[in-house]
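Structure at a glance
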Amino acid sequence: MSTWRNWAGTESATGIETLRPGSADELAAAVKSAAEQGKKLKAVGSGHSFTGCSVPEQVMIRLDGLSSIVHADKESGRVTVGAGTGLRKLNAGLAAFDLAMANLGDIDKQTVSGAISTGTHGTGARLGGLATQVVALDLVTADGSVLHCSAEENPDVFAAARVSVGALGVISSLTLQCVPAFLLRAQEMPLPLGEVLDGFDELADGNDHFEFYWFPHTEIALTKRNNRVAPGVGASPVGKVRGWIDDELLSNKVFELTNRLAVRQPGMVPRINRLASRALSAREYVDASYKVFCSERNVVFRESEYAVPREHVVDVIRRLRAWIDASGSRIPFPIEVRVAAADDIWLSTASGRETAYVAIHQYHRLPHDPYFRAFENIVADYGGRPHWGKLHTLTADDLRGRYPRFDDFLAVRDRLDPQRTFGNAYTRQVFGD
């Protein structure tokens, strides 16, 4: 028996039986055996979700034995990978085939199946989240059978399983539609928040990938624009010293110290944030796409993120800012804003609508409940959909009205897992029973 704890320290489980299948056949046998014994079972990835979506109640399946590139077709760009493959390992492996993911989130510590199942995304007005890059998957269901799912084969399960919060079964492998490896030119610069909000649509539509971070209590936003380079342009990465100062010293070590100071002296947070925003200097570099997309994040925090129709995101930020100013709250962590294209995945946060994401954070040693509740109340006015792996309080009754295909998903779940072998407290919260 073992103990499990997620990265953020928000969820844990003890007295858990751990299984480590070494193949898809072993995985199917393990699932079937646990289900026949009436045990609750969860596949656990890297534990990077803040919610209880992957908390095992009785049996925990580790997919480390399914963590490699199984097949790669450079001509078509289709790559099949084991579900337990970490994104960092996947990115390096794809690069060896001169391939890449078309879009990625901003960290690479998750497993590919965990990232996809919770709706992980990056930014890009013409691009979807990671799940939109999945063209097929194999799903082990509670009876031990393996369903091959794609747009042509078991299409309803495919529409449900790409973002399923682990409630339908255990994914054993995924086939991804990759693209030829590419370089990105990263342009990072601070701009006045008002200028960013007023020109948000032009910035989002005028760049392949656009996002910004705003430090509460300041007038400054850090903007990030990532665009593919013209043919013939080579890499010119950030120098080692500059990269260490910006990405390790300032973004992690100094940021940890300033957050600890904020715990002891909350009144200093506005001054700390103003200093931090002034310390943000412009930089430009060109590097492999996955090296530009992904950053190191070591400071422990709490996070809530909601997807809203893109046309309302500026209103959300302005209302959130007004609440922060009026409440007297002190928020040392920045607010992050990204965008995504609409997709057709039933439980994707961008399903059926052009989407903007607002992510709020608080240092793990500071209270976050009032701030997160206020945020949740604001986005509710715009049909906000919570990230499945980030903190929220919504239930199945709340979510049903925000996802047109919610009941279709539940019908697939009823068919594939009538005994709720893959259920836990979180799935009971968001899906009922």
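Above this note sits the structure.
Heads up: these notes are all about the structure in this document. Predicted model only: the values in this text are computed from it and were never measured.

1. Some remarks on the packing of helix H10 (residues 313–327) against helix H11 (residues 369–380)
The geometry of H10 relative to H11 is characterised by a closest axis approach of 10 Å and an angle of 145 degrees between their N-to-C directions. Considering the relative orientation of H10 and H11, their crossing is right-handed. Residues Val316, Arg319, Leu320, Trp323 and Ile324 of H10 form the contact with H11, whose own contacting residues are Pro370, Tyr371, Ala374, Phe375, Ile378 and Val379. Class assignment of the residues belonging to the contact of H10 with H11 gives a composition of 10 nonpolar, no polar and one charged.

2. Some points on the side chain of Asn227
Among the secondary structure elements, Asn227 is positioned in strand E14 (residues 220–228). On the basis of relative accessibility, which here comes to 16%, the residue Asn227 falls in the buried class. Within the structure, Asn227 has its side chain in polar contact with the side chain of Asn207 (distance 2.9 Å). Excluding its chain neighbours within four sequence positions, the residues that come into contact with Asn227 are Leu183, Leu184, Arg185, Gln187, Gly206, Asn207 and Asp208.

3. Let's talk about the layout of surface pockets
Taken as a whole, the second largest pocket encloses approximately 180 Å³ of empty space. Looking at the second largest pocket, the residues that line it are Thr10, Arg302, Ser304, His368, Asp369, Phe372, Arg373, Glu376, Leu391, His392 and Thr393. Mapped onto the lining of the second largest pocket, the elements with two or more residues apiece are strand E16 (301–309) and H11. Counting residues per element, the lining of the second largest pocket draws most heavily on H11, which supplies four residues. Residue composition of the lining of the second largest pocket, grouped by class: two nonpolar, five polar and four charged.

4. Overview of empty space enclosed by the protein
Tallying each qualifying case throughout the model produces one cavity of 30 Å³ or more. Roughly 90 Å³ of volume is contained in the largest cavity. In this structure, the largest cavity is lined by 17 residues; those nearest its centre are Gly119, Thr120, Gly129, Asp343 and Ser348.

5. Some remarks on the packing of aromatic side chains
Evaluation of the coordinates by the stated rule reveals 14 aromatic pairs. Taken together, a centroid distance of 5.4 Å and an interplanar angle of 45 degrees make the contact between Phe301 and Phe333 tilted. Here Phe301 is found in strand E16, whereas its partner Phe333 is found in the loop between H10 and strand E17 (335–340), with 32 residues between them in sequence. Put simply, the rings of Trp388, Tyr403, Phe406, Phe409 and Phe431 touch in pairs and so form one group of aromatic residues. Here the guanidinium or amino end of Arg162 rests over the ring plane of Phe158, the centre of that ring lying 4.0 Å away. Above the face of the Phe182 ring, Arg228 is positioned so that its terminal group lies 3.7 Å from the ring centre.

6. As for helix H8 (residues 269–279)
Buried within H8 are the following residues: Val269, Pro270, Ile272, Asn273 and Ser277. All buried residues of H8 project into a common sector of 160 degrees when viewed along the axis, lining one side. Turned more than 90 degrees from where H8 packs its buried face, Arg271, Leu275 and Arg278 sit exposed.

7. Quick word on the sheet that holds strand E15 (residues 283–288)
Across the sheet, eight strands lie side by side as E15-E12-E14-E13-E17-E18-E16-E19; this open sheet has antiparallel pairing. Since the sheet does not close on itself, it has two edges, and those belong to E15 and strand E19 (385–386), each with one partner. Strand direction decides the pairing type here: E16 and strand E18 (residues 355–363), joined by nine bridges, are antiparallel. Residue Phe301 lies in a different strand from E18, and its bridge partner there is Tyr363.

Conventions adopted
Sequence order sets the numbering: in each chain, residues are counted from 1 along the sequence as written. At least 70 in pLDDT is required for a residue's local features to be given in this predicted model, at least 80 for side-chain atom pairs to be given and counted, and no such filter applies to totals for whole chains, interfaces and linings, which use all residues. Calculated side-chain values reflect all of the structure's heavy atoms, with hydrogen atoms and water omitted. Here an angle of 0 to 180 degrees is reported between the N-to-C directions of two axes, which are lines fitted to C-alpha atoms, with helices fitted over the stretch in contact. For the purposes of this entry, the term helix denotes a DSSP run of H or I that reaches at least four residues, the term strand denotes a run of E that reaches at least two, and both are numbered from the N terminus. Handedness of a helix crossing follows the sense of rotation of the near helix relative to the far helix, less than a right angle counterclockwise being left-handed and clockwise being right-handed. Should any heavy atoms of two residues lie within 4.5 Å, those residues are considered in contact. In this classification, Asp, Glu, Lys and Arg are treated as charged, Ala, Val, Leu, Ile, Met, Phe, Trp, Tyr, Cys and Pro as nonpolar, and every other residue, Gly included, as polar. Residue burial is assigned from relative accessible area. The probe radius is 1.4 Å, only protein chains are included, and a residue is buried under 20% of its type maximum, exposed over 50%, and partly exposed in between. Residues adjacent in sequence count toward polar contacts only when both atoms are side-chain atoms; beyond that, a polar contact is any pair of N or O atoms within 3.5 Å, and within protein one must be able to donate a hydrogen and the other to accept it. Every definition here rests on a 1 Å grid over the protein atoms only: cavities are sets of points where a 1.4 Å probe fits but cannot get out, pockets are open sets enclosed by protein on both sides within 12 Å along at least five of seven lines, and lining residues have some atom within 4 Å of a point. Grid points are joined across faces, edges and corners, and a volume is the space filled by probe spheres set on the points. Put simply, two rings from Phe, Tyr or Trp (the six-membered ring, in Trp's case) pair if the centres are within 6.5 Å, and we call them stacked under 30 degrees between planes, edge-to-face over 60, tilted for the rest. Here, over-ring charges are defined by two tests on the NZ atom of lysine or the CZ atom of arginine: distance to the ring centre within 6 Å, and angle to the ring normal within 35 degrees. Of all possible arcs, the one meant is that of the directions from the helix axis to the C-beta atoms. Two strands qualify as a pair provided DSSP detects at least 2 bridges between them.

Any functional reading would require information beyond the geometric quantities listed.
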